[in-house]
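# Topology and contacts: notes
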Amino acid sequence: MRSRFAAYVHGDLDHIENTHAKEVRDSFNRSAAESTAKSVEWVNLEIRSTADGGENDDTGTVEFAARFKKDGELQVHHERSSFRREEGRWVYVDGQMNPKGEPLRVEKVGRNEPCPCGSGKKYKKCCGA
Amino acid sequence: MERHFSCTACGKCCYGLLPLTIDDALAHADKFPLVVIWTPVRQGGRSFRVTADLGITIELKKRKLAAVRIAPTAYIPPTFSCPELTDEGLCAIHAAKPQRCRTMPFSAYRDEKDQDDLMIPRSGWVCDTSDEAPVVYRDKRIIGREDFAGEREQLVRDAAILKPYAEWLLDSVPSLRMELQKLAMKPGGGRVVVAFSTLIPRLPKVDIYAFAEKQLPVMQDFAQRTARDPALADYHRRYVDCAAEWEQITRRRP
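Computed from a predicted model, the values in this text were never measured in an experiment.

In this section: the sheet that holds strand E4 (residues 89-97) of chain A. All names here are of chain A. Here we have four strands laid out as an open sheet, ordered E1-E2-E3-E4, and antiparallel in their pairing. The sheet terminates laterally at strand E1 (41-52) and E4, the two strands that pair on one side only. Taken over all neighbouring pairs, the strand axes of this sheet differ in orientation by 30 degrees on average, direction set aside. Relative to E4, strand E3 (residues 73-86) runs antiparallel, the two being bridged by eight bridges. Bridge pairing links serine 82 to aspartate 94 in E4. The sheet contacts of helix H1 (residues 2-10) involve E1, strand E2 (59-70), E3 and E4, and relative to E1 the element is tilted by about 165 degrees.

Structure follows, in structure tokens:
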């Protein structure tokens, strides 16, 4: 966990990739992860709780808060990560994340507007019915 | 029951939002301003089942469910024609046009037996539905269903990416679930527009920097074209926000 945080701080994406479980490796977008890591100034890592992950375990979870500055503002990435022991090494399996403030916007769809499904029908006569 | 239909290439359906398969979105990233649109469909709504199969469901009050369609979409105002529609009113990329356009007038976002009304042209459209036009729909079956089947197949394949993406974003952004629940309960419905950048981390083969370079000028262009019309203020703001985000990403390029 700590080594992966350090790797993000230093932009060492090789280490991030090398500590992924098989199923993560296939769906990992290296360029996107690198871009995100570079978009912030990392401040510190706080481990909030752990479960399992001991000498006799093959799985474990870590809940952590990674603080960073973005556009001069201090923010927190809060995640509960799962790890698994693969051939003696701990690898990252997945994580549940807290808000990062992803940009989203709610819009009304006019009843007579074309339906967002692209059918060409009025919304009220298609998916809005 | 039979329906006759023949496209006269009037170009009237080439306006406004265009939902895309993931491959189509990536292939046209240098022309279409891309977002991900999440549209709740109420239980009992005609497309509930197929939307739930291709997307996700969320729980509402009173043990009800809403299905949510998650569609990569060319975010084009209803009064704007497709950027690939030429001045002659023809498609400039006919051979490589998106699957959504190929399948018209049918839609793979609906069941095959629920296509009947799609062959009734909207007012102003010049589709030929006279007896001279070929029969394209008989007894709730599409005749010549390659494009419909092709679109459905692609949507099923996309669902394998979009479903885990949706669950992940719902966990990461709690307000998203609340907004979708609110919209699903509202009589007027609505949609949530989410930045396309949220989907890129789930597409391992996409280079985010190259993608940002394609989207940045498109967003800037649409921002400029929507700047003066107050009716398009929502669209304008979205283009400006997206342009700002893609610009930041291009600046991080190693």
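What follows picks up the thread again.
This brings us to the nonpolar core. Grouped together as the largest cluster of nonpolar side chains are 61 residues, with contacts concentrated most on Trp38, Ile70, Tyr165, Leu176, Phe196 and Trp246 of chain B. Composition of this core by domain shows at least three residues from each of domain 1 (2-204) and domain 2 (207-254) of chain B. One finds Cys117 of chain A together with Val41, Cys127 and Val136 of chain B within the second-largest nonpolar core, a separate group that totals 24 residues.

Let us look at the interface of chain A and chain B. Across the boundary between the two partners, chain A contributes 41 residues, which contact 58 residues of chain B. Buried surface at the junction of chain A and chain B, summed over both partners, amounts to about 4100 Å²; 50% is from carbon and sulfur atoms. For the chain A face of the interface with chain B, the top three residues by lost area are Leu104, Arg105 and Glu107 of chain A, together amounting to 18%. Linking arginine 191 of chain B and glutamate 113 of chain A is a salt bridge whose minimum nitrogen-to-oxygen distance equals 3.8 Å. Across the contact surface, chain A and chain B share 18 residue pairs in polar contact (both at pLDDT 80 or more).

The strands that make up a sheet are held in pairs by hydrogen bonds between backbone atoms, and each pair lies either parallel or antiparallel. Residue and element names in this part refer to chain B. Read from one edge to the other, the open sheet built from three strands follows the order E1-E6-E7, with strand pairing classed as antiparallel. Of all the strands in the sheet, the pair left with one neighbour each is strand E1 (2-4) and strand E7 (141-142). Looking at chain direction, strand E6 (residues 135-138) and E7 are connected through two bridges and run antiparallel. Its bridge partner being in E7, arginine 138 is matched across the sheet by arginine 141.

Okay, the pairing of strand E8 (residues 191-195) of chain B next. Among the five residues that make up E8 of chain B, five are buried, leaving the element largely enclosed by the rest of the structure. Burial along E8 of chain B is two-sided: the residues Arg191, Val193 and Ala195 of chain B and Val192 and Val194 of chain B are all buried. Note that strand E5 (residues 104-107) of chain A and E8 of chain B share four bridges and pair antiparallel. Bridge pairing links leucine 104 of chain A to valine 194 of chain B in E8 of chain B. When strand E3 (residues 34-42) of chain B meets E8 of chain B, the two strands line up antiparallel, connected through four bridges. Directly across from tryptophan 38 of chain B, in E8 of chain B, lies its bridge partner valine 192 of chain B.

Another point: the packing of helix H4 (residues 146-172) of chain B against helix H5 (residues 174-185) of chain B. Residues and elements named next belong to chain B. In contact at an axis separation of 4 Å, H4 and H5 are set at 105 degrees when each is read in the N-to-C sense. Looking at the two axes, H4 sits roughly perpendicular to H5. Of the residues in H5, those touching H4 at Leu169, Leu170, Asp171 and Ser172 are Pro174, Leu176, Arg177 and Leu180. Looking at the contact of H4 with H5, its residues break down into five nonpolar, one polar and two charged.

Scoring rules and cut-offs
- Each chain has its residues counted from 1, following the order in which its sequence is written.
- Following the order in which they are written, the chains are lettered starting with A and the ligands numbered starting with 1.
- pLDDT decides what is reported in this predicted model: residues at 70 or higher carry local features, side-chain atom pairs at 80 or more are listed and counted, and totals for whole chains, interfaces and linings draw on all residues regardless.
- The basis for every side-chain value is the complete set of heavy atoms in the structure, and neither hydrogens nor water enter the calculation.
- Note on pairing: two strands pair once DSSP finds at least 2 bridges between them.
- Runs of H or I in DSSP of at least four residues are treated as helices and runs of E of at least two as strands, each being numbered from the N terminus.
- In this analysis, axes come from line fits to C-alpha atoms, helices being fitted only over the stretch in contact, and the angle between any two N-to-C directions falls in the range 0 to 180 degrees.
- Residue contacts are counted whenever heavy atoms from the two residues lie within 4.5 Å of one another.
- In this text, buried Ala, Val, Leu, Ile, Met, Phe, Trp, Tyr and Cys residues form a nonpolar core when linked through side-chain atoms within 4.5 Å.
- For each residue, the accessible area found with a 1.4 Å probe, counting protein chains only, is set against the maximum for its type, and the residue is called buried under 20%, exposed over 50%, and partly exposed in between.
- For every domain, the bounds stem from an assignment made automatically or drawn from a database.
- When two components associate, each loses some accessible surface as probed by a 1.4 Å sphere; the sum of these losses over both components is called the buried area.
- Salt bridge, as used here: a side-chain nitrogen of Lys or Arg that lies within 4 Å of a carboxyl oxygen of Asp or Glu.
- Here a polar contact is recorded for every N or O atom pair within 3.5 Å, except that within protein the pair must consist of a potential hydrogen donor and a potential acceptor, and residues adjacent in sequence are included only if both atoms are side-chain atoms.
- Here roughly perpendicular refers to angles of 65 to 115 degrees, roughly parallel to angles under 35, roughly antiparallel to angles over 145, and oblique to all remaining angles.
- Just so you know the grouping, Ala, Val, Leu, Ile, Met, Phe, Trp, Tyr, Cys and Pro go in nonpolar, Asp, Glu, Lys and Arg go in charged, and all remaining residues, Gly too, go in polar.

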